[in-house]
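What the coordinates show
Residue strings, one per chain:
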Number of protein chains: 2
Amino acid sequence: MAEHGYHHGALRQALLSAAADVIGEHGAGALSLRELARRAGVSHAAPQHHFGDKAGLLTAFAEEGFARLADALAPAGDDLLELGVAYVRFALGHPAHFQVMFVPALYRTGDPGVAAARKRSWEALTRGVERQRGGDTADGARKHDLEDAVVAAWSIAHGYASLCLSGALPAGAAGDVDRAARAVLGRLTGQPG
Amino acid sequence: MAEHGYHHGALRQALLSAAADVIGEHGAGALSLRELARRAGVSHAAPQHHFGDKAGLLTAFAEEGFARLADALAPAGDDLLELGVAYVRFALGHPAHFQVMFVPALYRTGDPGVAAARKRSWEALTRGVERQRGGDTADGARKHDLEDAVVAAWSIAHGYASLCLSGALPAGAAGDVDRAARAVLGRLTGQPG
DNA sequence: GCGGGATCTTGACACTGACAAGATACGGTG
DNA sequence: CACCGTATCTTGTCAGTGTCAAGATCCCGC
């Protein structure tokens, strides 16, 4: 599985994996195709064949992220609070992916693969809100209201995750992710304490 | 005020201003000191005298951002909803600053100036939550609860702003920022419609 | 009016992303 | 098995960038 002379065998995945390490440690700005090639033990231009250019690599990286997010959200079913907790857990568990996914300047957001994976995630979120609100979304007014509710739920989960990752929060949340996330996200769904 | 032969006169501010343009258009990753120098009409190494290195420039840029955020939050007083709206309005009105401020890998987050400006912003946010909850924060349990409430409020405002900027939201919010923000942020403070 | 420090320039070096052309390995076809 | 086409990887090159070092120019206080 390694040490082939010429062909690496699984270079594409190796590069994506190395990218997660680098971005997680030093941020997306410090990412270098040549550094990834070095880590994978191939020549400096090898990545180009698989991804075309840097944006191509990050596009694949973002797609991988959205796919994993949708997978991480699935077990939560349609329980809104659990969806939020799963969202936060994904962000803190895959900081590099999360970081890239929401910076459109880094990759080609219109890429079909990315769009499909992103749609899966959005649908998982929407399902949770629909269920919590009773499920009747027939008339326009209620539909508009539903969208606001989805955005609100997504916002608080996304914002909490972002603030955690950016180190802006006054520590605390470090150890017990789920509990802290629940305490914050619970504010939205009703239970105040 | 311009066209000096050797001395630019206000290079530092000109560079920060140019940085806002570039980052706003092409993202922080596309920022180039040489490009900034070109836009300011100075030589390629001129920025170094004012900022030392790229991280130095972005540190100054982030500090400017936090200072402007604190200023933008001040008029909202201690009205929690208005604070949230002001926060979102700042983010959408200063996308470049907002984008840099919350990516610690880009600059020196420990810089004294940055820390001070950030503290001002945090205090403005906390004030709003304290007032909405009645003001009694004496005993420990309630204090802990207060912190959760601050984080929740900050999270939803920050998350909504981030999602808007990342283009992840299904359009809509574009035209009427204040209304859309109010509809979303209102979910947290109680009024459901 | 002059000296010193702040401001800017010029020149250089290593590193990066991208391109082009060539080398090597793999898989199917005869 | 021999062969060829293609996917994969390499080597070489170029412009652009960040950073450093040394020098030029300007402004202010004395």
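Everything below is about the structure printed above this text.
Calculation rules
Residues numbered from 1 in each chain as written. Chains lettered and ligands numbered in written order. Predicted model: local features only at pLDDT ≥ 70, side-chain atom pairs only at ≥ 80, totals over all residues. Heavy atoms only, no water. Contact = heavy atoms within 4.5 Å. Buried area = accessible area lost by both parts, 1.4 Å probe. Salt bridge = Lys/Arg side-chain N within 4 Å of Asp/Glu carboxyl O. Polar contact = N/O pair within 3.5 Å; in protein donor to acceptor, adjacent residues only side chain to side chain. Helix = DSSP H or I, 4+ residues; strand = E, 2+ residues; numbered from the N terminus. Buried < 20%, exposed > 50% of the residue type's maximum accessible area, 1.4 Å probe, protein only. Least-squares fit on C-alpha atoms with pLDDT ≥ 70 in both. Expected span 1.5 Å × (residues − 1). Axes fitted to C-alpha atoms, helices over the stretch in contact; angles between N-to-C directions. Parallel < 35°, antiparallel > 145°, perpendicular 65-115°, else oblique. Left-handed = near helix turned anticlockwise from the far one by under 90°. Nonpolar A, V, L, I, M, F, W, Y, C, P; charged D, E, K, R; others polar.

1. Remarks on the interface of chain B and chain A
- Chain B puts 32 residues into the contact, and the matching count from chain A is 33 residues.
- Across the interface of chain B and chain A, roughly 2,600 Å² is buried in total on both sides, 69% from carbon and sulfur atoms.
- Connecting chain B to chain A are 0 salt bridges.
- Seen at the junction of chain B and chain A, the total is 0 residue pairs in polar contact (both at pLDDT 80 or more).
- Put simply, the parts of the chain that give the side of chain B that touches chain A at least two residues each are helix H8 (140–165) and helix H9 (177–189) of chain B.

2. Brief notes about the environment of A:Ser162
- Relative to the helices and strands, A:Ser162 resides in helix H8 (residues 140–165).
- Overall, the relative accessible area of 14% leaves A:Ser162 in the buried class.
- Distance in space between the C-alpha atoms of A:Ser162 and A:Ala91 is 7.9 Å, their sequence separation being 71 residues.
- Not counting residues up to four positions away in its chain, the partners in contact with A:Ser162 are A:Phe98 and B:His158.

3. Side note on the relation of the copies chain B and chain A
- You can overlay chain B on chain A at an RMSD of 0.0 Å; the transform is a turn of 180° with a shift of 0.0 Å along its axis. Look at the turn and shift together and you get a two-fold axis relating the two.
- Both copies contact each other with a shared surface, as 100% of the interface residues of chain B are interface residues in chain A too.

4. Some words on helix H5 (residues 80–93) of chain B
Residues and elements named next belong to chain B.
- With 14 residues, H5 ought to run about 20 Å at 1.5 Å a step, and its terminal C-alpha atoms sit 20 Å apart, in line with that.
- Most of H5 sits inside the fold, with 10 of its 14 residues counted as buried.
- Sitting at the amino-terminal end of H5 is Asp 79, which places a side-chain oxygen 3.0 Å from the backbone nitrogen of Leu 81.

5. What about the side chain of A:Thr59?
- Along the chain, A:Thr59 turns up in helix H4 (residues 54–73).
- Excluding anything up to four places from it in sequence, A:Thr59 contacts A:Tyr107, A:Arg108, A:Asp111 and A:Val114.

6. Side note on the side chain of B:His158
- Along the chain, B:His158 falls in helix H8.
- Setting aside chain neighbours within four positions, we find B:His158 in contact with A:Gly159, A:Ser162, A:Leu163, B:Tyr87, B:Phe98 and B:Phe102.

7. Describing the packing of helix H4 (residues 54–73) of chain B against helix H7 (residues 112–132) of chain B
Residues and elements named next belong to chain B.
- At their nearest, the axes of H4 and H7 sit 8 Å apart, and the two run at 25° to each other. Taken as axis vectors, H4 and H7 run roughly parallel relative to one another. Crossing hand, H4 versus H7: left-handed. Counted together, Thr 59, Glu 63, Phe 66, Ala 67, Leu 69, Ala 70, Asp 71 and Leu 73 of H4 and Gly 113, Val 114, Ala 117, Arg 118, Arg 120, Ser 121, Ala 124 and Leu 125 of H7 form the full contact between these two elements.
- In terms of residue class, the contact of H4 with H7 is made up of 9 nonpolar, 3 polar and 4 charged.

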